[in-house]
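Breakdown of the fold
Listed below are the residues making up each chain.
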Amino acid sequence: MIKFSKFFSLSAILIALLGLIAVVGDYLVKHTNLHLFQAVFDNTTHAIIGGLTWFIFCLKYKNSNTLQSLAEVALCTIISSMIDLDHFVAARSLNLEDATNLRYRPPLHCSTFPLLTCITLLLVSYQLGMSSLKRSTLIIFAAFFTHHVRDATRRGFWMYPFGSTPPIPYAVYVGLTCSAPYVICFLHELFKIKISGSEIEL
């Protein structure tokens, strides 16, 4: 009971920190005049939110190898940040102005493909009992989910081929960001792998 209470308290603090980082990150982007710093603050906020989301997940579903858990947090952080590289690819330029002033949204910002890909991989991992594939897929999902939710405050979710949703209200964005670790935990439980008729934690 004491152990559960400590986990709940720490988890609540980190969830609050997740919301705070989202708000502070947006404040810095909005109130920074230099375009370079805006891009840096924006991308850093994406990265921290993604990494912290996976860290909170790791607190509940601890890996026996602490270094591996830290590596997973680092990986989720990096993926959350690198999603924005498609701006430069789409612009075919390394110039920041070109990359941030595209007339269209680059491919990694389409929510349909990562969603369908991750669901497919989770189903495959469940059917084949591949725990490493499941965990890797959840890391990718956490990175894309948090990144797309944050971007949705400006342009909505791009759900090809159906178009884009309206921009989501800011309060919804903060709420979804704080809920992200629980979404990952839900998917973890939903696709819990069974071996010889017994469930195992991954």
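Residues numbered from 1 in each chain as written. Predicted model: local features only at pLDDT ≥ 70, side-chain atom pairs only at ≥ 80, totals over all residues. Heavy atoms only, no water.

Worth spelling out the cut-off: UniProt positions are given in the numbering used here, feature names are shortened, and annotations may be inferred rather than shown by experiment.
In the annotation of an unreviewed UniProt entry, the chain is listed under the name Transmembrane protein 267 and assigned to Callosobruchus maculatus. Word for word, the UniProt comment on the chain under Subcellular location (unreviewed entry) is "Membrane".

1. Focus: the overall build of the chain
Heads up, the rule is: Note on conventions: DSSP H or I runs of at least 4 residues are helices, E runs of at least 2 residues are strands, and numbering of each starts at the N terminus. C-alpha atoms define the radius of gyration, and 2.2 Å times the number of residues to the power 0.38 defines the globule rule. Buried, partly exposed and exposed residues are distinguished by accessible area as a fraction of the type maximum, computed with a 1.4 Å probe on protein chains only: under 20%, between the cut-offs, and over 50%, respectively. Residues are treated as being in contact if the distance between any of their heavy atoms lies within 4.5 Å. Charge assignment: positive for Lys and Arg, negative for Asp and Glu; neither His nor the chain ends contribute. Where a charge lies is defined by one atom per residue type: Lys uses NZ, Arg uses CZ, Asp uses CG and Glu uses CD.
From N to C terminus, the chain includes eight helices and two strands. Its helices and strands in sequence order give the chain the pattern α-α-α-α-α-α-α-α-β-β, from N to C terminus. Relative to its length of 202 residues, the chain is compact, with a C-alpha radius of gyration of 18 Å against a globular reference of 17 Å. Principal-axis analysis of the C-alpha atoms gives the chain an extent of 55 × 35 × 30 Å. With 202 residues in all, the chain has 43% of them scored as buried. Put simply, of all contacts in the chain between residues at least 6 apart along the chain, 69% involve residues at least 24 apart. A gap of 6 Å separates the mean positions of the 15 positive and 11 negative side-chain charges of the chain.

2. Points about the UniProt feature "transmembrane region" (unreviewed entry) in the chain
UniProt tags residues 7–24, 44–61, 106–126 and 170–191 as "transmembrane region" (unreviewed entry). Helix makes up 71% of residues 106–126 and strand 0%, whereas the separation of the span's terminal C-alpha atoms amounts to 31 Å.

3. Re helix H8 (residues 170–190)
Residues three or four positions apart in an α-helix share a direction because the helix packs 3.6 residues into each turn. Rules: Helices are assigned an expected span. That span is 1.5 Å times one less than the residue count. The bend reported for a residue corresponds to the angle between axes fitted to the seven residues ending at that residue and the seven starting there.
The first and last C-alpha atoms of H8 sit 29 Å apart over 21 residues, in line with the 30 Å expected at 1.5 Å per residue. At alanine 180, H8 is bent by approximately 45°, the largest bend along its length, and proline proline 181 sits one to four residues beyond.

4. Focus: the packing of helix H7 (residues 131–155) against H8
The test is simple: Here the axes come from fitting lines to C-alpha atoms, over the contacting stretch only for helices, and the angles between their N-to-C directions go from 0 to 180 degrees. Angles below 35 degrees are treated as roughly parallel, those above 145 as roughly antiparallel, those between 65 and 115 as roughly perpendicular, and all remaining angles as oblique. Helix crossings get a hand from a simple test, with the near helix turned counterclockwise from the far one by less than a right angle marking a left-handed crossing and a clockwise turn marking a right-handed one. Residues are sorted three ways: Asp, Glu, Lys and Arg are charged, Ala, Val, Leu, Ile, Met, Phe, Trp, Tyr, Cys and Pro are nonpolar, and all the rest, Gly among them, are polar.
At a closest axis distance of 10 Å, the pairing of H7 and H8 adopts a crossing angle of 165°. Overall, the two elements H7 and H8 adopt an arrangement that is roughly antiparallel. Helix-helix and strand crossings are classified by hand; for H7 and H8 the assignment is right-handed. Facing Lys134, Leu138, Phe141, Ala142, Phe145, Thr146, Val149, Arg150 and Thr153 of H7, the residues of H8 in contact are Tyr173, Leu176, Thr177, Ala180, Val183, Ile184, Leu187 and His188. A class-by-class count of the residues in the contact of H7 with H8 yields 11 nonpolar, four polar and two charged.

5. A short note on the packing of aromatic side chains
When we look at a pair of aromatic rings, we describe it by the centre distance and by the angle of the planes. We apply this condition: For this analysis, a ring pair means two rings from Phe, Tyr or Trp (six-membered ring only for Trp) whose centres lie within 6.5 Å, classed as stacked if their planes differ by under 30 degrees, edge-to-face if by over 60, and tilted for the remaining angles.
Inspection of every chain in the model, using the stated rule, returns six aromatic pairs. When the ring of phenylalanine 37 is compared with that of phenylalanine 41, the centres are 6.4 Å apart and the planes differ by 50°; the resulting orientation is tilted. Taken together, the positions of phenylalanine 37 and phenylalanine 41, both in helix H2 (residues 35–60) and four residues apart, correspond to about one turn of that helix. By relative accessible area, phenylalanine 37 is classed as partly exposed at 42%.

6. Focus on the nonpolar core
Counted only if it meets this: What makes a nonpolar core is a set of buried Ala, Val, Leu, Ile, Met, Phe, Trp, Tyr and Cys residues whose side-chain atoms join them at distances within 4.5 Å.
Counting 35 residues, the largest nonpolar core has Trp54, Phe57, Leu138, Tyr173 and Ile184 as its most contacted members. Every element with two or more residues in this core is listed here: helix H1 (2–30), H2, helix H3 (66–82), helix H6 (112–128), H7 and H8. For this core, the element with the highest residue contribution is H7, accounting for eight residues. Leaving out residues up to four positions away in the same chain, tyrosine 173 has contacts with Ala22, Asp26, Ile49, Val149, Arg150, Thr153 and Ile168.

7. Quick look at the environment of valine 23
Inspection of the secondary structure puts valine 23 in helix H1. A sequence separation of 25 residues divides valine 23 from isoleucine 48, and the C-alpha atoms of the two residues are 12 Å apart.

8. Quick look at the pattern of salt bridges
Opposite charge on two side chains lets them pair, provided their charged atoms get close. Put simply, the rule reads: Counted as salt bridges are all cases of a side-chain nitrogen of Lys or Arg within 4 Å of a carboxyl oxygen of Asp or Glu.
Under the definition given, this model contains five salt bridges. It is possible to trace a salt-bridge network through shared partners that takes in Asp26, Asp42 and Arg150.

9. So, the packing of H2 against H3
Two elements in contact, H2 and H3, have axes whose closest approach is 7 Å; the angle formed by their N-to-C orientations is 150°. Taken together, the axis directions place H2 and H3 in an arrangement best described as roughly antiparallel. Seen from above, H2 lies across H3 with right-handed handedness. Contacts between H2 and H3 involve Asn43, His46, Ala47, Gly50, Gly51, Trp54, Phe55 and Cys58 on the former and, on the latter, Ser69, Glu72, Val73, Cys76, Thr77, Ser80 and Ser81. Among the residues forming the contact of H2 with H3, the class breakdown is six nonpolar, eight polar and one charged.

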